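The chain contents come next:
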Amino acid sequence: MKIQTKYITRFPSAFGGIMLLLPLASCENTKSYSELLEEETEAVNWYLAQNKVVTSVPEDSVFIQGDDAPFYRMNADGTVYMRVINPGDKEKRPKKGDTVFFRFMRKNINYLYQGMTVAGEGNAENMNSSLNGTSLVYGNTTLTSTTQYGEGLQVPLGYLGYDCEVDLIVKSTMGFTSDISNCIPFIYNIRYFRAEY
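Everything numeric in this text was worked out from a predicted model, so none of it was measured.

Cut-off values and rules
Residues numbered from 1 in each chain as written. Predicted model: local features only at pLDDT ≥ 70, side-chain atom pairs only at ≥ 80, totals over all residues. Heavy atoms only, no water. Salt bridge = Lys/Arg side-chain N within 4 Å of Asp/Glu carboxyl O. Buried < 20%, exposed > 50% of the residue type's maximum accessible area, 1.4 Å probe, protein only. Helix = DSSP H or I, 4+ residues; strand = E, 2+ residues; numbered from the N terminus. Phe/Tyr/Trp six-rings, centres within 6.5 Å; stacked < 30°, edge-to-face > 60°. Core = buried A, V, L, I, M, F, W, Y, C linked by side-chain atoms within 4.5 Å. Contact = heavy atoms within 4.5 Å. Pairing = 2+ DSSP bridges.

(A) Structural context of the pattern of salt bridges. Inspection of every chain in the model, using the stated rule, returns four salt bridges. Between Glu39 and Lys31 there is a salt bridge whose closest N-O contact spans 2.6 Å. The class of Glu39 is partly exposed, set by a relative accessible area of 34%. For Lys31, a relative accessible area of 42% gives the class partly exposed. The partner of Arg83 in a salt bridge is Asp167, and the shortest N-O contact between them spans 3.1 Å. Highlighted residues: Arg83 in strand β3 (residues 80-86) and Asp167 in strand β7 (residues 165-170), separated in sequence by 84 residues. In the salt-bridge network here, residues are joined through shared partners; they are Arg106, Glu121 and Asp179.

Below, the structure written as structure tokens:
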């Protein structure tokens, strides 16, 4: 009888000790925001290292174009890089306040960096309608329907015409609002279209 009591009284204290250690173990698996940002930068740098990179926008905004064109660093922070596949119609360029439709496919660069097979996500392959209703208002920073896509997706519109196509590397701070807290960078393939009235 004493033996059973001895084990019963020791069990709660051992169980309590284990319970105290569990939160510490889970804290080790949780990364801080600054650690996530470091991982994001490492993944983006890895991706860029596999491509040609130009560290500034051409003064005349004439970009080398094509599938093997370089990525241009589009801002001082290095949060957006653009490869111009097709510059579109330079005579028909978006103006601030225009509704611009776009089709995109994107892949998580963090996953690519980890060697994972990544399926693209987006509306590029959905041909149910000509534009599939995905749009933003160029230059707008207040409408949720536009800001949900982040400022990075608007960057090409300041340089290229309608019907352009680009590959765009966008770090989380300039990307979809849903990706910011997780520090997820994406590589996008995007085509931009004029709204038909």
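So much for the structure itself; the text now carries on.
(B) How the structure looks around the packing of aromatic side chains. Per the stated rule, a full pass over the model turns up 13 aromatic pairs. Geometrically, the ring pair formed by Phe102 and Tyr192 is tilted, given 6.4 Å between the ring centres and 40° between the ring planes. In this pair, Phe102 is assigned in strand β4 (residues 99-108) and Tyr192 in strand β8 (residues 186-194), connecting sequence segments 90 residues apart. The class for Tyr192 is buried, based on a relative accessible area of 1%.

(C) Layout of the nonpolar core. Ranked by internal contacts, the top residues of the largest apolar core, which has 28 residues, are Met82, Phe102, Leu153, Leu168, Tyr188, Ile190 and Tyr192. Of all elements in the fold, only β3, β4, β7 and β8 reach the threshold of two or more residues within this core. Tallying contributions element by element places β8 first for this core, with four residues. Setting aside its immediate chain neighbours within four residues, Leu153 contacts Phe102, Leu168, Val170, Met174, Phe176, Tyr188, Ile190 and Tyr192.

(D) Up close: the pairing of β3. Counting buried positions over the seven residues of β3 gives six, a clear majority of the element. As paired strands, strand β2 (residues 71-73) and β3 are joined by two bridges and run antiparallel to one another. Bridge pairing in β3 links Tyr72 to Met82. Sheet topology places β3 next to β7; six bridges connect them, and they run antiparallel. Considered in β7, the bridge of Val80 is made with Val170.

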